[in-house]
Amino acid sequence: MALRKILTEEDETLKKKSRPVTEVTDRIRSILDDMAETMHEANGVGLAAPQVGILRRMFVVQVDEDHLYELINPEIVESDGDQYGEEGCLSVPGYVGMVHRAEYVRIKGLDRNGQPVEYEGEGLLARAFQHEYDHLDGILYTQKADDIHFAESGEEEEE
Ligand code: ZN
């Protein structure tokens, strides 16, 4: 495993749409491992492949100690409700903003073995899934946020 460099918002790569993963190979698994390590090192709760310069549709999310979610070619198949809360991004270091997201999502994709998986998320987990999914379409939370401002403490959760 290796740490990867996290691109920041001025990088054009982050504005591009990622392509699907065509085959889940050892190389893909190795990138997922690096992404998880990089996310943990940066104290983030999510990281999408384009944030480390790889325009493929996959991301990792971990909002608590229990479960590392790895999703390849994810699709949000259901969403419900509304939450309005503070959000940050590892590609926009130091800043937070207020973003509307669905309160609940159901998401499908492939796991690291290429097997179909489906997860449900509420609250912060749902927010992280939607934030990371947006990265795959070249969308940063700053395009959706109100009141973007510099965070006073370094304790914000960033994705
Ligand atoms: Zn982000």
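Preceding this paragraph is the structure being described.
Now for a quick tour of the structure.

About the thresholds
Residues numbered from 1 in each chain as written. Predicted model: local features only at pLDDT ≥ 70, side-chain atom pairs only at ≥ 80, totals over all residues. Heavy atoms only, no water. Helix = DSSP H or I, 4+ residues; strand = E, 2+ residues; numbered from the N terminus. Contact = heavy atoms within 4.5 Å. Pairing = 2+ DSSP bridges. Axes fitted to C-alpha atoms, helices over the stretch in contact; angles between N-to-C directions. Buried < 20%, exposed > 50% of the residue type's maximum accessible area, 1.4 Å probe, protein only. Phe/Tyr/Trp six-rings, centres within 6.5 Å; stacked < 30°, edge-to-face > 60°. Lys NZ or Arg CZ within 6 Å of the ring centre and 35° of its normal.

## Digging into the environment of Pro20
- Structurally, Pro20 can be placed in the segment before α1 (26-41).
- When the C-alpha positions of Pro20 and Asn73 are compared, they lie 5.7 Å apart, and in sequence the two are 53 residues distant.
- The residues contacting Pro20, other than those within four sequence positions of it, are Arg56, Arg57 and Asn73.

## Looking at the sheet that holds strand β8 (residues 146-150)
- A sheet is described by the order of its strands in space; here three strands give the open sequence β4-β5-β8, paired in antiparallel fashion. Across the chains shown, the open sheet's two edge strands, defined by having one partner strand only, are β4 (83-88) and β8. Along the sheet, successive strands turn relative to each other by an average axial angle of 25°, direction set aside.
- When β4 meets strand β5 (residues 95-101), the two strands line up antiparallel, connected through six bridges. Bridge pairing in β5 links Gly85 to Val99.
- Across the face of the sheet, helix α2 (residues 123-136) comes into contact with β4 and β5 while running at roughly 60° to β4.

## A few points about the environment of Val96
- Relative to the assigned elements, Val96 resides in strand β5.
- When its relative accessible area of 2% is taken as the criterion, Val96 is described as buried.

## Some remarks on the pairing of strand β3 (residues 69-80)
- As paired elements, strand β2 (residues 58-61) and β3 share four bridges and run antiparallel to each other. Note that in β3 the partner of Val61 across the bridge is Tyr69.
- Here β3 pairs with strand β6 (residues 104-110) via six bridges, running antiparallel. Residue Asp80 lies in a different strand from β6, and its bridge partner there is Tyr104.

## Examining the packing of aromatic side chains
- Summed over the entire model, instances satisfying the criterion amount to four aromatic pairs.
- Centroid distance Phe59 to Phe129: 6.3 Å. Interplanar angle 35°. Geometry classified as tilted. Of this pair, Phe59 sits in strand β2 while Phe129 sits in helix α2, placing them 70 residues apart in sequence. A single burial state applies to Phe59 and to Phe129, both of which are buried.
- Seen in terms of ring centroids, Tyr95 and Phe150 are 5.1 Å apart; in terms of plane orientation they differ by 80°. Their pairing is edge-to-face. Of this pair, Tyr95 sits in strand β5 while Phe150 is found in strand β8, placing the two residues 55 residues apart along the sequence.
- Through a chain of ring-to-ring contacts, three or more aromatic side chains come together here, namely Phe59, Tyr69, Tyr119 and Phe129.
- Stacked on the ring of Tyr133, the Lys or Arg Arg57 has its end atom at 5.6 Å from the ring centre.

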